[in-house]
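Coordinate inspection notes
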There are 2 protein chains.
Amino acid sequence: MAKDFSTREENYSQWYNDIVIKADLAENSAVRGCMVIKPYGYAIWEKMQASLDKMFKDTGHSNAYFPIFIPKSFFSKEASHVEGFAKECAIVTHYRLKNSPDGKGVIVDEDAKLEEELIVRPTSETIIWDSYRNWIQSYRDLPILINQWANVVRWEMRTRLFLRTAEFLWQEGHTAHATKEEALAEAEKMLDVYTEFAEKFMAIPVIKGVKSERERFAGALETYCIEALMQDGKALQAGTSHFLGQNFAKAFDVKFATKESTLEYVWATSWGVSTRLMGALVMVHSDDKGLVLPPKLAPTQVVIVPIYKNAEQLKEISAKVAPIKKAIESKGISVKYDDRDTHKPGWKFAEYEFKGIPIRLAIGPRDIEDGTIEVARRDTLEKAVYQQIDIEHKIENLLAQIQENLYDKALSFREMNTHIVNSWDEFKERVENKGGFLLAHWDGTPETEEAIKNETKATIRCIPLNNAKEAGKCIYSGKPSTQRVIFARAY
Amino acid sequence: MAKDFSTREENYSQWYNDIVIKADLAENSAVRGCMVIKPYGYAIWEKMQASLDKMFKDTGHSNAYFPIFIPKSFFSKEASHVEGFAKECAIVTHYRLKNSPDGKGVIVDEDAKLEEELIVRPTSETIIWDSYRNWIQSYRDLPILINQWANVVRWEMRTRLFLRTAEFLWQEGHTAHATKEEALAEAEKMLDVYTEFAEKFMAIPVIKGVKSERERFAGALETYCIEALMQDGKALQAGTSHFLGQNFAKAFDVKFATKESTLEYVWATSWGVSTRLMGALVMVHSDDKGLVLPPKLAPTQVVIVPIYKNAEQLKEISAKVAPIKKAIESKGISVKYDDRDTHKPGWKFAEYEFKGIPIRLAIGPRDIEDGTIEVARRDTLEKAVYQQIDIEHKIENLLAQIQENLYDKALSFREMNTHIVNSWDEFKERVENKGGFLLAHWDGTPETEEAIKNETKATIRCIPLNNAKEAGKCIYSGKPSTQRVIFARAY
């Protein structure tokens with residue numbers, strides 16, 4: 001059982017780390033910045049993957065796999081891409097080890113130096129568009145709607161489990177289209193997919209918007225994003241979808257013959273979410289008792305703990321539990337019956353509470369007599385006694401309620417922590433103290449954006465889609481502004 | 001539509017490549033030895049993954065994820081492991097690029113040299129056992145039953161799509177046990193899982209055995225394997241399961257407190273299959289008309305092609321097809337209705353034949369009148385006319401028949417190409433000409449094994465499990481032997 005862990009109040013950052021490590025989600029490895037995703041954490045990620053993968057396929061996408069290595073020269077082909085990306089990365093320079101002459105271990109064989117260095121992919125636009133060149137001749141070959149589940153590496157200096165790691169897992173969609181309109185529609189469609197996933201599965205409300213030019217993806221003409229608010233008042237970017245225009249098609253010379261037999265460059269999008277979402281999931285819902293998981297992503301949704309004094313009682317309870325477990329499972333709900341006699345019920349209660357199992361059922365001799373069962377919700381920590389009859393429907397409904405409640409709670413937190421700010425003093429004070437989403441006027445220049453970041457560490461999270469136009473004055477420069485944008489400090 | 005492809009007779013190796021490339025399974029990338037797995041190939045791999053993953057979970061395993069990088073020094077910790085493995089690999093030496101002073105592209109920043117080089121994993125025993133050290137204190141922490149789906153890199157000099165590539169996808173199971181018996185049982189259990197997968201899903205008969213010492217995995221005490229026979233008479237290792245003894249536990253100092261409070265080293269297994277299986281799948285079943293897929297792994301199991309002269313006919317046919325498609329799909333069968341008017345039925349027939357779709361249905365105006373539908377099997381190329389009534393059951397049965405027929409055909413091929421060989425001349429002649437599995441006596445020494453390999457390129461594929469004991473003389477040295485082993489040239 002996990003103990004001695006921090007509360008949010010005491011030390012938010014430590015609280016987050018304690019949950020990730022003590023709930024067995026992930027840990028640091030021997031390789032700087034690379035994490036080990038442990039079975040419990042990975043099982044949550046698998047549920048995320050399965051839901052997203054289905055949504056991608058339902059919107060017409062197929063999966064494929066491209067090489068992990070990218071020739072160094074590819075990064076230079078798209079000018080803004082290399083500026084934004086290729087600096088901190090893992091570089092493969094050799095392809096052979098040999099025995100050390102001193103007989104101690106192995107050393108790099110200098111004779112086995114690559115002619116051109118290979119970069120471990122930080123993202124795959126370049127290697128994928130190099131392939132697309134051969135796949136696309138005419139408009140009949142379009143659109144190409146491909147997704148890849150992969151590991152990527154970005155040599156981050158300061159790392160935190162899930163939130164920022166040198167290696168992480170993600171999916172990256174890369175699509176090719178005949179027209180600008182179609183590519184834009186695709187980028188927006190995938191933002192909607194991410195939004196639905198965040199809100200319906202992760203129970204995290206998000207704001208859809210576009211990035212300012214400064215925060216845009218390297219090589220994109222427009223970066224759509226969803227932004228979520230964490231419990232410490234910091235924002236977390238929960239997914240991005242990029243309209244890449246013809247930039248990569250031009251860099252990799254990908255043209256197609258139109259119906260009218262002209263040759264044109266192909267239009268592109270890319271979009272991705274990563275294991276970073278695991279960090280958001282932990283930070284949005286968990287509390288000082290540990291992890292809280294939305295039912296739709298919980299590997300185990302219901303745990304049943306028997307309360308017994310002796311082997312005979314356990315046997316009796318187990319006989320009663322078997323059909324209850326089966327009935328609940330018939331609803332597609334995952335149930336674990338923990339009848340281990342190596343741990344006491346109190347220990348088990350604390351363990352499952354810490355690990356965020358949405359519903360805990362307990363059943364003892366009295367319940368057997370009365371035909372009842374004790375039901376505890378992880379989200380509210382409430383307990384109730386249910387009649388066993390028709391338990392599967394009651395549990396199914398309760399899981400749906402918990403899913404909804406977590407979303408509502410997160411939404412209400414976000415609303416409480418979203419502020420219209422009209423003065424620079426108030427802006428600074430809010431950023432420094434409680435954080436949250438700050439709706440403020442901005443003059444639209446990268447210079448002002450940078451100055452605000454330098455003074456407060458707050459960045460423009462997004463310009464909301466369908467943002468209301470409102471004349472005003474920039475919070476920082478006092479120059480005219482046409483709309484409020486969302487500022488926050490961010491992960 | 002694919003055309004101009006080789007037959008097996010003309011050029012087996014070219015035939016294989018043609019199918020892989022022209023059926024859109026995979027292609028070479030810009031990075032030497034690394035392949036792109038295209039959507040159709042990847043969809044087959046996804047079906048393999050889903051089936052295997054379920055079998056792993058049904059046998060109590062969980063998935064997790066460990067870093068792609070392994071510190072160089074880790075490979076030296078297990079002496080035989082480094083000998084067998086760490087020579088040809090991708091080595092990361094730097095972590096930053098910078099702009100080239102000449103303004104042309106980027107160069108490696110020599111200031112960003114890693115203190116210790118990182119190896120892109122060729123297999124993960126070392127990094128995983130380095131983690132297990134912290135996970136295992138007592139017998140209560142055992143067994144650990146973990147699998148990982150990952151990409152790995154081995155710097156192969158001569159590569160072939162799927163069969164031997166620098167980067168490939170695989171799963172690697174890594175388990176930790178309290179006793180030798182339990183670890184051995186695990187290694188054998190996973191061999192059984194692989195066998196069931198190969199035979200029931202891939203429709204490929206395999207021989208279960210153990211490797212000779214020379215062919216054993218680097219660091220293993222025993223390597224169990226399954227061996228399959230390809231149509232050119234060469235063998236392909238379709239899966240391995242290793243009993244690692246306490247080698248990695250000793251190398252990484254992983255001990256546990258027993259129930260009796262003594263400290264002991266942990267026992268280990270590892271086991272894996274890879275995208276190499278895609279190569280086996282192509283080579284075992286395909287023919288001179290293209291790819292042939294077993295129904296259980298075909299992304300599309302049934303295709304329906306309308307035969308029509310005008311839009312009105314197509315409309316009528318489509319109306320008739322809709323309920324047929326729905327009925328077949330209700331059986332969990334994947335169906336594609338190809339009503340594209342950009343291609344003629346003949347083109348579509350050839351295309352789906354080449355891509356190995358197990359069943360093709362064709363429906364024209366006459367069928368509408370008669371309530372019939374034309375059914376073509378990909379495996380036998382037979383055609384028949386079915387009544388539309390109860391079509392879903394007929395198709396379901398036919399798919400099962402095709403699955404079984406492919407297995408039977410492959411089994412019969414293997415039986416026809418398995419020979420008891422008693423003289424060295426016959427051995428050489430058979431290896432050189434038709435290949436196949438050769439059952440021959442061997443004196444049990446690595447020297448003889450090596451000499452046979454040098455003279456014929458044939459290796460010991462395995463010593464079958466439960467091999468019949470039979471006194472004889474070694475085919476090569478004439479020394480006494482107690483059993484026949486299986487020789488073949490191999491992929």
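Structural notes, computed from the coordinates. If you're wondering where the values come from, they're calculated on a predicted model, not measured in any experiment. Per chain, the residues get numbers from 1 upward, laid out in the order the sequence is written. Chain letters start at A and ligand numbers start at 1, both assigned in the order the entries are written. Whole-chain, interface and lining totals are the exception, using all residues; otherwise, since this is a predicted model, local features are given only for residues with pLDDT of at least 70 and side-chain atom pairs are given and counted only at 80 or more. The basis for every side-chain value is the complete set of non-hydrogen atoms in the structure, without hydrogens or water.

**Regarding the relation of the copies chain A and chain B**
It takes a turn of 180 degrees to lay chain A on chain B, together with a shift of 0.0 Å along the axis; the resulting RMSD is 0.0 Å. In symmetry terms, the pair is related by a two-fold rotation axis. Minimal C-alpha separation from the rotation axis in chain A is found for Val92 of chain A, amounting to 2.1 Å. Residues count as neighbours in contact if any of their non-hydrogen atoms are within 4.5 Å of one another. Of all interface residues in chain A, 100% are interface residues in chain B too; the two copies therefore contact each other through one and the same surface. A least-squares fit on C-alpha atoms brings the copies together, and the residues used are those whose pLDDT is at least 70 in both copies.

**Let's talk about the sheet that holds strand β22 (residues 437-441) of chain B**
Residue and element names in this part refer to chain B. In this analysis, strands are considered paired if DSSP registers two or more bridges between them. Numbered from the N terminus, helices here are DSSP runs of H or I no shorter than four residues, and strands are runs of E no shorter than two. Spatially, the 11 strands line up as an open sheet ordered β3-β8-β9-β15-β12-β11-β10-β23-β26-β22-β21, and their pairing is mixed. Edge positions in the sheet fall to β3 (62-63) and β21 (418-420), since each has one partner strand and no second. Sheet topology note: the strand β10 (residues 207-210)/strand β23 (residues 459-464) ladder contains two bridges and is antiparallel. Paired with Gly209 across the bridge in β23 is Pro464. To get an axis, a line is fitted to the C-alpha atoms, and for a helix only the part in contact is used. The angle between two axes follows their N-to-C directions and goes from 0 to 180 degrees. Where helix α6 (residues 180-201) meets the sheet, its contacts fall on β8 (144-153), β9 (167-177), β10, β11 (222-229), β12 (235-245) and β15 (267-274), and the angle it forms with β15 comes to roughly 10 degrees. This element, helix α12 (residues 391-416), spans β10, β11, β21 and β22 of the sheet and lies at about 25 degrees to β21.

**Brief notes about the interface of chain A and chain B**
Each partner contributes to the interface: chain A provides 63 residues, whereas chain B provides 63 residues. A quick way to say it: buried area is the sum, across both parts, of accessible area lost when two parts are put together, with a 1.4 Å probe. Together chain A and chain B conceal approximately 5100 Å² of surface at their shared face, both sides included; 66% is due to carbon and sulfur atoms. Put simply, a salt bridge is a Lys or Arg side-chain nitrogen that is within 4 Å of an Asp or Glu carboxyl oxygen. The tally of links from chain A across to chain B stands at four salt bridges. Polar contact is defined as a pair of N or O atoms within 3.5 Å, subject to the rule that within protein one atom must be able to donate a hydrogen and the other to accept it, and that residues adjacent in sequence are counted only when both atoms are side-chain atoms. The tally of links from chain A across to chain B stands at 30 residue pairs in polar contact (both at pLDDT 80 or more). If one sorts the elements of the side of chain A that touches chain B by residue count, strand β5 (residues 88-99) of chain A sits on top with 12 residues. Across the side of chain A that touches chain B, the residue classes break down as 38 nonpolar, 10 polar and 15 charged. Of the strand pairs in this sheet, β5 of chain A and strand β5 (residues 88-99) of chain B are connected by five bridges, and their pairing is antiparallel. Residues were grouped as follows: Ala, Val, Leu, Ile, Met, Phe, Trp, Tyr, Cys and Pro as nonpolar; Asp, Glu, Lys and Arg as charged; and all remaining residues, including Gly, as polar.

**Topic: the packing of aromatic side chains**
Any two rings among Phe, Tyr and Trp, with Trp reduced to its six-membered ring, count as a pair given centres within 6.5 Å; such a pair is stacked if its planes are under 30 degrees apart, edge-to-face if over 60, and tilted if neither. If you walk through the whole model with that rule in mind, you get 40 aromatic pairs over all chains. On the numbers, 6.0 Å between centres and 20 degrees between planes, the contact of Trp155 of chain A with Tyr95 of chain B is stacked. You can see Trp155 of chain A sitting in the loop between β8 (144-153) and β9 (167-177) and its partner Tyr95 of chain B sitting in strand β5, one on each of two chains. Exposure categories follow from relative accessible area, calculated using a 1.4 Å probe and restricted to protein chains: below 20% of the type maximum is buried, above 50% is exposed, and the middle band is partly exposed. What makes Trp155 of chain A buried here is its relative accessible area of 4%. Arranged with centres 5.4 Å apart and planes meeting at 45 degrees, the rings of Tyr132 of chain B and Trp135 of chain B form a pair that is tilted. With a gap of three residues between them, Tyr132 of chain B and Trp135 of chain B both fall in helix α5 (residues 125-135), about one helical turn apart. Residue classification places Trp135 of chain B among the buried residues on the basis of a relative accessible area of 13%. What links up through ring pairs into an aromatic cluster is the set Trp45, Phe56, Trp149, Tyr194 and Trp271 of chain A.

**Re the packing of helix α9 (residues 311-329) of chain B against α12 of chain B**
Axis angle and axis distance: for two packed helices, these are the angle between their axes and the distance between the axes, and together they describe the pair. Residues and elements named next belong to chain B. As a packed pair, α9 and α12 sit with axes 8 Å apart at the nearest point and diverge in direction by 50 degrees. With respect to their mutual orientation, α9 and α12 come out oblique. Here the hand of the crossing between α9 and α12 comes out right-handed. Across the interface between the two elements, Ile324, Ala327 and Ile328 of α9 pack against Ile391, Glu392 and Ile395 of α12. Residue composition of the contact of α9 with α12, grouped by class: five nonpolar, no polar and one charged. Any angle from 65 to 115 degrees is called roughly perpendicular, while one under 35 is roughly parallel, one over 145 is roughly antiparallel, and all others are oblique. Crossings are assigned a handedness: left-handed for a near helix turned anticlockwise from the far helix by less than a right angle, right-handed for a clockwise turn.

**Topic: the sheet that holds strand β18 (residues 359-363) of chain B**
Residues and elements named next belong to chain B. Spatial ordering of the open sheet is given by β17-β16-β18-β19-β20, a layout of five strands whose pairing is mixed. Among the strands making up the open sheet, the edge pair consists of β17 (335-337) and β20 (383-387). Between one strand and the next, the sheet's axes are offset by a mean angle of 25 degrees, whatever the strand orientation. With three bridges joining them, strand β16 (residues 302-306) and β17 adopt parallel strand pairing. Counted as the bridge partner of Val302 is Val335 from β17. The strands touched by α9 within the sheet are β16, β17, β18 and β19 (372-377), with β17 carrying the most contacts at an inclination of about 175 degrees.

**Some words on the environment of Ile207 of chain B**
All names here are of chain B. Its place among the elements puts Ile207 in strand β10. Through-space distance from the C-alpha of Ile207 to that of Ile304 is 37 Å; in sequence the pair is 97 residues apart. Residues within four places of Ile207 in sequence aside, it is in contact with Cys225, Ile226, Glu227, Arg414, Phe437, Cys462, Pro464 and Ile486.

**Examining unusual backbone geometry**
Following Leu142 of chain A, the chain continues into Pro143 of chain A via a peptide bond in cis, with omega recorded as -5 degrees. Assignment of secondary structure puts Pro143 of chain A in the loop between α5 (125-135) and β8. In the Ramachandran plot, Ala203 of chain A falls in the positive-phi region, its phi being about 60 degrees despite a non-glycine side chain. By the element assignment, Ala203 of chain A lies in the loop between α6 (180-201) and β10 (207-210). Its identity as a non-glycine residue notwithstanding, Asn466 of chain B has a phi of 50 degrees, on the positive side. When you line up the elements, Asn466 of chain B lands in the loop between β23 and β24 (472-473).

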